[in-house]
Amino acid sequence: MLSSGAAIFEKITGVVKDSAGNVLPGVSVGIRGKPIGTTTDGNGVFSISADPEDYLVFSRVGMVSLEIAVGNQKEFRITMYYEEAKSEDDIVVVAYGKQRKATLTGSVATITTKEIKQSPAANLAVALTGRLPGLIAQQRSGEPGRDETLLFMRGRGTLNGQAPLIMVDGVERELNSIDPNEVETVTILKDASATALYGVRGANGVILVTTKRGTELVPTIGLNVESGRQTFTRWPTTMSSYDWAQLKNQAWHNDNPNPGPNDSPPYSDYALERFQKQDWPEAYPNNNWVDKLLYKWVPQTRYNLTLNGKGSNVGYFVNIGYLDQGGQFKVDPEPKSWDPAAYMKRYNFRSNIDAVLNKSKTLKTFLNAAGWLEKVNGPYVDGRFTSNSQIAPEIIHRTLQLWPVTMPGPLTPGGEVLIGSGSYQESPWAEINRTGYRRETRSSVTATWGMEQDFSALITKGLSAKVMASFDTRSMHYLNGAMQHQYWEQVIDPNLKGSSGFDSVYYRRIRSDFDNTPISTSISASFQSFFDMQLHINYNRSFGKHNVGALILGQQQGMIKPSDPLPFNVRGLASRLSYGYDNRYMVEFNAGYNGSEQFAKGRRYGFFPSYSGAWNISNEAFFQGLKATVNTFKLRASYGKVGNDKIGDTRFLYLDNVSRGGGGPIPGVAQNNSTINETFFGNPNVSWETARKLNLGLDISLFRSLDIVFDVFNEHRDNILIYRQTIPTLIGVSNSSIAPYNMGKINNKGWELEMTYNKSINRDLNLVSKFNIAYNDNKIIFRDELRMDSSYAYPYRETGYSIGQQWGYKVLGYYNSQEEIDQAGIVYGEGKAFRPGDFKYADLNGDGIINNKDVMPLGYSNVPKLSWGWATSINYKIFDISFLLQGVSKVSGVIGGDGPWEWYDFRKYHQQAWTPERAASGEKILYPALSLNVSASNTTNSFFIQDRSFVRLKNVEIGVSLPSSWVSKISARQVRLYMNGLNLFTWDKQKIKDWDPELLSNTTYPVLKIINFGLNVTF
């Protein structure tokens, strides 16, 4: 006989299907809080023993988990929904909380972990590219451990700090070193209503990263292994040493159209013959230094082990990750006591724990602990660079740009470093192998503890309070091993023949101030700390058709940076009030009241309110006849003011700087013969920028499969901190000695469209396709810019134009002869005379001189005005495939650094440069006449300001999930094999395609392409 407290287990059966009625095999079926579980078979059928008091839990990768009370029911028909499917009941992460999608009044966009993990990128910021409307991500470097990605929300709206605020689990933190496997969602907040709670930090938008928590009632262990190869997306073209030498002679002839009897080109016919025949490679080599010094493909590997579980009182998510990313430098096999190989190794750890502390489950606590350790290794070049971040780009730059195929070496026969003359006096081989090494060890530990009390039973229903305390530390340890080497040069003596009959060659040492030295090490370190305290009081309650919500939040944070012993402090209050009626009408008020010590007393606090509302027309009675077709039709509007306190690195601009100097003009007058100098004049009225933002939005859902979100926005940014440009010099103080003023004004406007199509075609085929496109256009209204006189074609260079607008000469064609130059009567006023083959420029002011007065706005800025992304995922039975196409347009830029110029090195595109013969025959000309020096063509103009628009196949992933009957043999829930890639193909409009269109300079580390293979096993 059973006691009254004994459990009575019954056999429960059922079938699980998706929203289209297709059966779902491989669904995990468990009992909440008990170690009992099973999976559905090939027909979606399950069987499990359960107590009437139990809750059944259904979970499947890529689908929304369900909990169903057992009760007295013996047979179940369960419907599960794909994660990508959007509904009015979806929960969206917002500022310091969550809201139902149906009640949102602000402009918000979200992606989930599935989309993020489709990218093999080492940097989480790269994985966001093209996936969120309004977020522009530009990768400016691919260097392992320093892969810089710039983020802009709705373009650029200020002349100062433009990066959005990054919040990780409610705390301000960095994005780059987060393991993508730890991330649950990434949400962007774009308008004033969504960002006003952040006050002086919200003007540039906010990115909310939510990490994973324990969700699986039947604990799961996940193992993910990836191995791939990476290379540059673009490799500059190369040519043979014979072609290279011919181009150098061609450039010389262009510079010397009428040579004298003693003038001769750089390479004689004899030298050209040696280059062509390659019968004397010691003196006339054909060295492909790119192949000799750089690997085409290098490995990247990643391992992750996760643990996910949730009981009745405790939930946990644990992730341990390891990433090993190789560098492209080829290290010489000669024995060394140090390792100059380039690589980055990162170790990640995260543990998110949630616990219930009382029987009524009204008191909860959580602890988020995470950390990472990075080791970045590579060559070290002592004394020539101010930071380690410049070393790898220098070697790449010298290898690709400043070490031509005609250079001999890399060593003399005696093993000494061989260099050239002029611009070729630093050997990239030596920079890799003979200058030492550097190793950076970076570590960070972040911790957040919190406790939440539900006061529904104690005070009033819907009232709760939460306290959070966070403390983060970061340390940097630098180990530099420096050494020097001798410099030698090769000398070819045409007056002395060697045994082979060729001119003799010998080597001599130069730069005697350098010698071969043993390696010497030095170390340095830095430390940074951050703390954040938050107190939340929340109220959410429904009264019939009325829904009321409120939030009051107090916050104090401080940061101590390595370069400044004084902490950076921010303090503030934030509040939210929301009201909804019958899921039809929603209004919301958000406000932030923040203070910063960056400003003078009495001006440190600011109030930043926002107002928003929405009308869900599809819930009106008159709309019900259309609701089967138009499932959602909602209008949104918001207006508010937010701030930006990112006003540069100089602190306390409101203070004067007074110092004691040396002797004055009258000896003995000043005490101790010294003077008092006021080196900086502070501005006591300095303050934050303010942005007034208007946003109008429309949400439409059609046929329960197509969601459309459209937003238009207009932002006016004023109080922008700028340095005065119109202060007369007669006051005797330089502009740099006067504090900036809050005078700048910028307008920024645009629109965004996001469309999501989710359709189960049949039981075996599911399609999810997302397309987003965004446009922004900013204009500088006031810059305190000095208006130039009437002799200038354009009186302003910034006012009235976009931030970063490109300027240059307008190219009208080529001068094809000296007679044409003489007839034009145009003088180039920048120090060089026009030659045949040089560009012909428009003389905009008609004074007969081409100079700075004739430049005009050309193209756009280097941040795109139009960006878009198209992501599609297809699941067919056990197979899945996804891709992401990403593109930008209305973006321009010159190739910075050494540019595409021919002074240092020649490329294949230089072979189609202007020559008299090519011009006469009508052949295609891709470049002006070559020169050995700066010519009239080698300047910023409409030829070299290139269209940087591109379309990129950003991601592709192909996967197969092994059948349940197979994986059950190893007691696994799921086994998936996949292959994915990053930056696989790029189509662009650049005239010169030797460099990736995202790079601003050819002196930076190129962007990477990755091909990756992976295995995921879930137990």
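Within an unreviewed UniProt entry, the label attached to the protein chain reads SusC/RagA family TonB-linked outer membrane protein, and the organism entered is Niabella ginsenosidivorans. Quoted verbatim from the Subcellular location (unreviewed entry) field of the UniProt record, the comment on the protein chain reads "Cell outer membrane". UniProt, in its Sequence similarities (unreviewed entry) section for the protein chain, records the words "Belongs to the TonB-dependent receptor family."

### Brief notes about the overall build of the protein chain
Along the protein chain, the regular secondary structure elements total 11 helices and 51 strands. For 1019 residues, the compact-globule estimate of 2.2 N^0.38 gives 31 Å, and the C-alpha radius of gyration of the protein chain, at 33 Å, lies within 12% of that figure. In the protein chain, which comprises 1019 residues, the share counted as buried stands at 52%. If you sum the accessible surface of the protein chain, you get close to 44,100 Å²; carbon and sulfur atoms cover 56% of it. Across the protein chain, the 106 positively charged side chains and the 98 negatively charged ones have centroids separated by 7 Å.

### Quick word on unusual backbone geometry
With an omega dihedral of 20°, the bond running from Gly 409 to Pro 410 counts as a cis peptide bond. Relative to the elements of secondary structure, Pro 410 occurs in the loop between α7 (391–401) and β22 (417–419). Positive phi, close to 60°, is recorded for Arg 154, a residue that is not glycine. Among the structural elements, Arg 154 can be located in the loop between β12 (149–153) and β13 (165–168). A positive phi angle, near 55°, is found at Asn 983, a position not held by glycine.

### Details of the UniProt feature "domain: TonB-dependent receptor plug" (unreviewed entry) in the protein chain
As recorded in UniProt, the feature "domain: TonB-dependent receptor plug" (unreviewed entry) lies at residues 101–206. Secondary structure within residues 101–206 divides into 11% helix and 27% strand; the distance between the first and last C-alpha atoms comes to 18 Å.

### Let's talk about the sheet that holds strand β15 (residues 183–189)
The strands that make up a sheet are held in pairs by hydrogen bonds between backbone atoms, and each pair lies either parallel or antiparallel. Within the open sheet, the 5 strands sit side by side as β10-β15-β16-β13-β14. Their pairing is mixed. Either end of the sheet is taken by a strand with one partner, and the two such strands are β10 (108–112) and β14 (171–172). Bridge analysis of β13 against β14 gives 2 bridges, and the strand direction is antiparallel. Paired with Val 168 across the strands is Val 171, a residue of β14.

### Focus on the pattern of salt bridges
Using the criterion set out here, one finds 54 salt bridges in the structure. It is possible to trace a salt-bridge network through shared partners that takes in Glu 143, Arg 146, Arg 346, Glu 374, Arg 438, Glu 440 and Arg 442.

### Regarding the pairing of strand β1 (residues 10–18)
As paired strands, β1 and strand β4 (residues 45–50) are joined by 6 bridges and run antiparallel to one another. When the bridges of β4 are listed, Ile 12 appears paired with Ile 48.

### Some points on a nonpolar patch on the surface
Together, Ile 221, Leu 223, Leu 305, Leu 307, Ile 320, Phe 349, Ile 970 and Phe 1019 make up a nonpolar patch on the protein surface, roughly 670 Å² of accessible area in all. If you list the elements that add at least two residues to the nonpolar patch, you get β17 (220–232) and β18 (298–310). Here Ile 970 is to be found in the loop between α11 (964–967) and β50 (974–988).

### Quick look at empty space enclosed by the protein
With the rule as written, the count across this model stands at 15 cavities of 30 Å³ or more. Computed from the structure, the largest cavity encloses a volume of approximately 180 Å³. Every residue lining the largest cavity is counted, 26 residues in all, and those nearest its centre are Ile 136, Gln 138, Pro 864, Gln 886 and Val 888. Of all elements in the fold, only β11 (135–139), β45 (866–876), β46 (879–889) and β47 (892–893) reach the threshold of two or more residues within the lining of the largest cavity. Among the elements that line the lining of the largest cavity, the one with the most residues is β11, at 4 residues. Considering only residue class, the lining of the largest cavity consists of 12 nonpolar, 11 polar and 3 charged.

### Let's talk about the packing of aromatic side chains
Tallying each qualifying case throughout the model produces 44 aromatic pairs. Here the aromatic rings of Trp 903 and Tyr 904 are separated by 6.0 Å at their centres, their planes lie at 80°, and the arrangement is edge-to-face. On the basis of relative accessible area, Trp 903 is assigned to the partly exposed category, the value being 23%. Residue classification places Tyr 904 among the partly exposed residues on the basis of a relative accessible area of 24%.

### A word on the environment of Lys 310
By the element assignment, Lys 310 lies in strand β18. Sequence separation between Lys 310 and Pro 219 is 91 residues; the distance between their C-alpha atoms is 6.9 Å. Here Lys 310 is in contact with Gly 214, Thr 215, Glu 216, Leu 217, Gly 315 and Tyr 316, once residues within four sequence places are set aside.

### Section: the sheet that holds strand β6 (residues 66–69)
Taken together, 4 strands build an open sheet; the order of strands is β3-β2-β5-β6 and the sheet is antiparallel. What marks the edges here is a single partner per strand, and that holds for β3 (34–39) and β6. The mean angle between the axes of side-by-side strands here comes to 25°, regardless of whether they run parallel or antiparallel. Judged from the 4 bridges that link them, strand β2 (residues 28–31) and strand β5 (residues 55–59) form a sheet pairing that is antiparallel. Bridging from a neighbouring strand, Val 29 pairs with Phe 58 of β5.

### Focus: the side chain of Lys 865
Along the chain, Lys 865 turns up in the loop between β44 (856–857) and β45. Exposure remark for Lys 865: the relative accessible area of 14% places this residue in the buried category. At a separation of 2.9 Å, a polar atom in the side chain of Lys 865 contacts the side chain of Asp 777. Every residue in contact with Lys 865, bar those within four places of it in the chain, is listed here: Ala 774, Tyr 775, Asn 776, Asp 777, Ser 802, Tyr 860, Ser 889 and Lys 890.

### Brief notes about the packing of helix α4 (residues 241–255) against helix α5 (residues 269–277)
At a minimum axis separation of 8 Å, α4 and α5 run at an interaxial angle of 155°. The angle between the axes of α4 and α5 places the two elements in the roughly antiparallel class. Every residue of α5 that contacts α4 at Ser 241, Tyr 242, Ala 245, Gln 246 and Asn 249 is listed here: Leu 272, Phe 275 and Gln 276.

### Regarding the nonpolar core
Leu 294, Phe 329, Phe 834, Tyr 841 and Tyr 927 are the most contacted members of the largest nonpolar core, which totals 70 residues. Secondary-structure elements contributing two or more residues to this core are α4, α5, α6 (289–293), α7, β22, α8 (428–433), β40 (811–814) and β42 (839–841). Setting aside chain neighbours within four positions, we find Leu 294 in contact with Phe 232, Trp 235, Trp 289, Gln 328, Phe 329, Lys 330, Ile 396, Thr 399 and Leu 400. With 21 residues, the next largest nonpolar core counts Ala 125, Ala 127, Leu 175 and Val 186 among its residues.

### With respect to the confidence of the model for the protein chain
The predicted coordinates of low-pLDDT regions are not to be read in fine detail. When pLDDT is averaged along the protein chain, the result is 89; 96% of the residues meet or exceed 70. Counted against residues more than four places away or in other chains, residues 1–6, with its pLDDT under 50, gives 1 contact. Low pLDDT (under 50) marks residues 84–89, which in the prediction has 19 contacts with non-local residues, meaning those over four places away or in another chain.

### Thoughts on α7
Taking burial as the measure, the 11 residues of α7 include 11 buried ones, the bulk of the element. All of the buried residues along α7 are Ile 391, Ala 392, Pro 393, Glu 394, Ile 395, Ile 396, His 397, Arg 398, Thr 399, Leu 400 and Gln 401. Along its buried surface, α7 packs onto β17, α6, β21 (363–379), α8 and β23 (436–454).

### A few points about α4
Because an α-helix completes one turn every 3.6 residues, residues spaced three or four positions apart along the sequence face the same direction. Between its first and last C-alpha, α4 extends 21 Å over 15 residues, near the 21 Å set by a 1.5 Å rise per residue. Taken residue by residue, α4 has Ser 241, Tyr 242, Trp 244, Ala 245, Leu 247, Asn 249, Ala 251, Trp 252 and Asn 254 as its buried positions. Where α4 is buried, its residues contact α5.

Reading the values: the criteria
Residues numbered from 1 in each chain as written. Predicted model: local features only at pLDDT ≥ 70, side-chain atom pairs only at ≥ 80, totals over all residues. Heavy atoms only, no water. UniProt positions renumbered as here; feature names shortened; annotations may be inferred. Helix = DSSP H or I, 4+ residues; strand = E, 2+ residues; numbered from the N terminus. Rg over C-alpha atoms; globule rule 2.2 N^0.38 Å. Buried < 20%, exposed > 50% of the residue type's maximum accessible area, 1.4 Å probe, protein only. Areas by Shrake-Rupley, 256 points an atom, 1.4 Å probe, with all protein chains shown as cover. Lys, Arg positive; Asp, Glu negative; His and termini not counted. Charge placed at Lys NZ, Arg CZ, Asp CG, Glu CD. Pairing = 2+ DSSP bridges. Salt bridge = Lys/Arg side-chain N within 4 Å of Asp/Glu carboxyl O. Patch = residues over 30% accessible without salt bridge, like charges linked within 9 Å, V, L, I, M, F, W, Y side chains within 5 Å. 1 Å grid on protein atoms, 1.4 Å probe; cavity = no way out; pocket = protein on both sides within 12 Å on 5 of 7 lines; lining within 4 Å. Points joined across faces, edges and corners; volume = space filled by probe spheres on them. Nonpolar A, V, L, I, M, F, W, Y, C, P; charged D, E, K, R; others polar. Phe/Tyr/Trp six-rings, centres within 6.5 Å; stacked < 30°, edge-to-face > 60°. Contact = heavy atoms within 4.5 Å. Axes fitted to C-alpha atoms, helices over the stretch in contact; angles between N-to-C directions. Polar contact = N/O pair within 3.5 Å; in protein donor to acceptor, adjacent residues only side chain to side chain. Parallel < 35°, antiparallel > 145°, perpendicular 65-115°, else oblique. Core = buried A, V, L, I, M, F, W, Y, C linked by side-chain atoms within 4.5 Å. pLDDT = per-residue confidence, 0-100. Expected span 1.5 Å × (residues − 1).

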